[in-house]
Amino acid sequence: MRTARRLGFAILLTLILLSQGCGSSKDIQNMAYVTAIGIDYVNGKYVTYAQILNFSNVARSENVQLGKETPVWIGQGDGQTVSGALASINETSQLRLFWGHVKVIFLSENLMRQGVVETFSALNRYREVRYNIYIYGTKEKMTDILSQQSLLNLSPLDTLVFSGTQMNSQRFFILPEPGNHVIANMNEPGEPAMLPSVAIERRNWMEDTDYKPMFKISGAYFFQDGKMSKWMSDLDLKGIRWTNKRIEWLPVLVPQDGKKAAVVSLGHPRYSVKPILEKGSVRYDLKVRVQGLLYELLEEAGMESLEKLTEEVIREEIRTTYLKSQKAKCDPFRLKEALYRANPRHFWALTDKERFFLKPDSIRKIDVRVSIRSTGKYKGRTE
């Protein structure tokens, strides 16, 4: 028995000495970390871009000079497939590329018209790329997008596309979705996927006397069968801001008798859709509940009147956006998906007759209730 133990110990010691351990691992300082990917489709080939940052210039420390430009390195490759195009970037990279820090993917319009199924499949199969990265579409040149920096010349990691948070603006209501949610929505009946579009605004900010371009969310893309079908601007989609409970606070200008009456900040709306089945068709009742704060009172008005006026503003925004989206054959209010959830048999029956079955009068009622919870440091007048 003792001899057998000694023999087992000797074999184990031999295996430990012969094993490679971590000999094949790479030192972290000898790798390049990809933070964003851009994918285009040109002349029958996929063209991919990898954004690489020097993290020593990005990290917040006493040695980093605020306002000093952060160099951005962009690698480019092409191939017949997405994975082949990404792999070709390694051919000229002097360091091993690590893809585990990718936070954002930008897709060109050419690629989205070609189809995004192969792209998502290739990216999600690679073990280093995460599922919860943000995905955007863009009309801009891919190198311009990937080299864009933030205020005070901070790195791209400090821009709105990487943070995924809402800015306090009337026009910032199309919030980014993680990539796994976008893919799931594309596969849902009713195709409720909506991909935010990123543009570069070149005239709003200046450093001394020089204009500095900045990111902005310019609208959203819609898809059919995994391919881009339409794009709508943020102004055309203004009504959908009352459908997303993640919206924190949005300032709303409330008119009265053709004059500016007040500015109310509203947030965290509760939105629901109820399909109403009719003979061979469907109509919808929409319900919105939202609370707000009074930011500015420009005309004398009681709180109940302001609430009613604000409700009419929201109702009109929803109605306007719906008519524009129906004409473009888009469904930003996810009405078709609501019917599928409530009555899948009726959904498929309508889809078999006409794939996009929404009509200009498909919305039967828009029920809006606004509650102004605070008037700030001044008291509000009741009716």
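Refer to the structure above for everything that follows.
Criteria and cut-off values
Residues numbered from 1 in each chain as written. Predicted model: local features only at pLDDT ≥ 70, side-chain atom pairs only at ≥ 80, totals over all residues. Heavy atoms only, no water. Helix = DSSP H or I, 4+ residues; strand = E, 2+ residues; numbered from the N terminus. Contact = heavy atoms within 4.5 Å. Areas by Shrake-Rupley, 256 points an atom, 1.4 Å probe, with all protein chains shown as cover. 1 Å grid on protein atoms, 1.4 Å probe; cavity = no way out; pocket = protein on both sides within 12 Å on 5 of 7 lines; lining within 4 Å. Points joined across faces, edges and corners; volume = space filled by probe spheres on them. Nonpolar A, V, L, I, M, F, W, Y, C, P; charged D, E, K, R; others polar. Axes fitted to C-alpha atoms, helices over the stretch in contact; angles between N-to-C directions. Parallel < 35°, antiparallel > 145°, perpendicular 65-115°, else oblique. Phe/Tyr/Trp six-rings, centres within 6.5 Å; stacked < 30°, edge-to-face > 60°. Buried < 20%, exposed > 50% of the residue type's maximum accessible area, 1.4 Å probe, protein only. Lys NZ or Arg CZ within 6 Å of the ring centre and 35° of its normal. Pairing = 2+ DSSP bridges. Arc of directions from axis to C-beta. Polar contact = N/O pair within 3.5 Å; in protein donor to acceptor, adjacent residues only side chain to side chain. Salt bridge = Lys/Arg side-chain N within 4 Å of Asp/Glu carboxyl O.

Asker: Outline the overall build of the chain, listing residues and values.
Answerer: The helix and strand tally for the chain stands at eleven helices and 13 strands. Within the chain, contacts between residues separated by at least 24 positions form 70% of all contacts whose residues are at least 6 apart in sequence. Carbon and sulfur atoms form 51% of the exposed surface of the chain, whose accessible area is close to 21,600 Å².

Asker: Please provide a residue-by-residue account of empty space enclosed by the protein, values included.
Answerer: Under the criterion given, the structure shown has one cavity of 30 Å³ or more. Of the voids in this model, the largest cavity is the one considered here, and its volume is about 60 Å³. Elements supplying a minimum of two residues to the lining of the largest cavity: helix H5 (117-125) and helix H8 (179-186). For the lining of the largest cavity, the class distribution of residues is seven nonpolar, three polar and one charged.

Asker: A description of the packing of helix H10 (residues 335-342) against helix H11 (residues 344-353) should follow, citing residues and the corresponding values.
Answerer: Axis separation between H10 and H11 bottoms out at 5 Å; the angle between their running directions is 130 degrees. It follows from the interaxial angle that H10 and H11 lie oblique. Residue-level inspection shows Lys-336, Leu-339, Tyr-340 and Ala-342 of H10 in contact with H11, the latter providing Pro-344, His-346, Phe-347, Trp-348 and Leu-350. Looking at the contact of H10 with H11 residue by residue, the classes come out as seven nonpolar, one polar and one charged.

Asker: Describe the packing of aromatic side chains, naming the residues involved and giving the relevant values.
Answerer: Applying the stated rule across the entire model yields eight aromatic pairs. Ring geometry for Tyr-340 and Phe-347: centres 5.4 Å apart, planes at 75 degrees, overall edge-to-face. Both rings, one in Phe-347 and one in Trp-348, keep their centres 4.9 Å apart while their planes meet at 75 degrees; by these two values the pair is edge-to-face. Given a relative accessible area of 41%, Trp-348 falls into the partly exposed group. Each member of the aromatic cluster is reached from another via a ring pair, and the members are Tyr-340, Phe-347, Trp-348 and Phe-357. Its guanidinium or amino end placed over the ring of Tyr-211, Arg-203 lies 3.8 Å from that ring's centre, counting from NZ or CZ.

Asker: Describe in detail the sheet that holds strand E13 (residues 363-374), supporting the description with residues and values.
Answerer: Within the open sheet, the four strands sit side by side as E10-E11-E12-E13. Their pairing is mixed. Unpaired on one side and paired on the other, strand E10 (250-256) and E13 mark the two borders of the sheet. Averaged over all pairs of adjacent strands, the angle between their axes in this sheet comes to 40 degrees, without regard to strand direction. Strands in contact with helix H9 (residues 303-327) are E10, strand E11 (259-278), strand E12 (281-297) and E13; relative to E13, the strand with the most contacts, it is inclined by about 140 degrees. Against the sheet, H11 makes contact with E11 and E12, and its axis sits at roughly 105 degrees relative to E12, the strand it touches most.

Asker: Any details on the side chain of Ser-265? Residues and values, ideally.
Answerer: Residue placement: Ser-265 occurs in strand E11. What Ser-265 contacts, discounting residues up to four positions off in sequence, is Trp-249, Leu-250, Pro-251, Gln-291, Gly-292, Leu-293 and Tyr-295.

Asker: Lay out H8 with the relevant residues and their values.
Answerer: Since the α-helix packs 3.6 residues into each turn, any two residues three or four apart lie on the same face. Residues of H8 that are buried include every one of Gly-179, Val-182, Ile-183, Asn-185 and Met-186, and no others. Projected onto a plane normal to the axis of H8, the buried residues spread over an arc of 165 degrees and lie on a single side.

Asker: Lay out the environment of Glu-316 in plain terms, naming residues and giving numbers.
Answerer: With respect to the helices, strands and loops of the structure, Glu-316 is situated in helix H9. For Glu-316, a relative accessible area of 38% translates into the label partly exposed. As for Glu-316 and Ile-366, which are separated by 50 residues in sequence, their C-alpha atoms are 9.3 Å apart. At a separation of 2.8 Å, a polar atom in the side chain of Glu-316 contacts the side chain of Arg-319.

Asker: Could you give an account of the pairing of strand E6 (residues 134-138), with specific residues and numbers?
Answerer: Looking down a regular strand, the side chains alternate between one sheet face and the other. For E6, a buried count of five out of five residues is recorded, marking the element as mostly surrounded by other parts of the structure. Alignment of strand E5 (residues 104-108) against E6, held across five bridges, turns out to be parallel. By the bridge assignment, Val-104 is partnered in E6 with Tyr-134. The pairing of E6 with strand E7 (residues 194-207) spans two bridges and is classified as parallel. From the neighbouring strand, Thr-138 faces E7, where its bridge partner is Val-198.

Asker: Outline H5, listing residues and values.
Answerer: Within the sequence span of H5, burial applies to Thr-119, Phe-120 and Leu-123. What you see down the axis of H5 is that its buried residues fit within an arc of 90 degrees, all on one side. Counted as exposed and oriented over 90 degrees from the buried face of H5: Val-117 and Arg-125.

Asker: Provide a residue-level description of the pattern of salt bridges, including the pertinent values.
Answerer: Under the definition given, this model contains 23 salt bridges. Lys-139 is the salt-bridge partner of Glu-109, the closest N and O atoms lying 2.9 Å from each other. With Glu-109 in helix H4 (residues 109-114) and Lys-139 in the loop between E6 and helix H6 (142-146), this pair connects stretches of sequence that are 30 residues apart. Glu-316 serves as the salt-bridge partner of Arg-319, at 2.8 Å between the closest nitrogen and oxygen. With Arg-319 and Glu-316 both in helix H9 and three residues apart, the pair spans about one turn of that helix. Connected via shared salt-bridge partners are Glu-188, Arg-334, Glu-337 and Arg-341.

Asker: Give a detailed account of unusual backbone geometry, specifying residues and quantitative values.
Answerer: In the Ramachandran plot, Asn-43 falls in the positive-phi region, its phi being about 55 degrees despite a non-glycine side chain. As for its position among the elements, Asn-43 is in the loop between strand E1 (31-42) and strand E2 (45-53). Although it is not a glycine, Lys-329 adopts a positive phi angle of roughly 60 degrees. Looking at the element boundaries, Lys-329 is found in the loop between H9 and H10.

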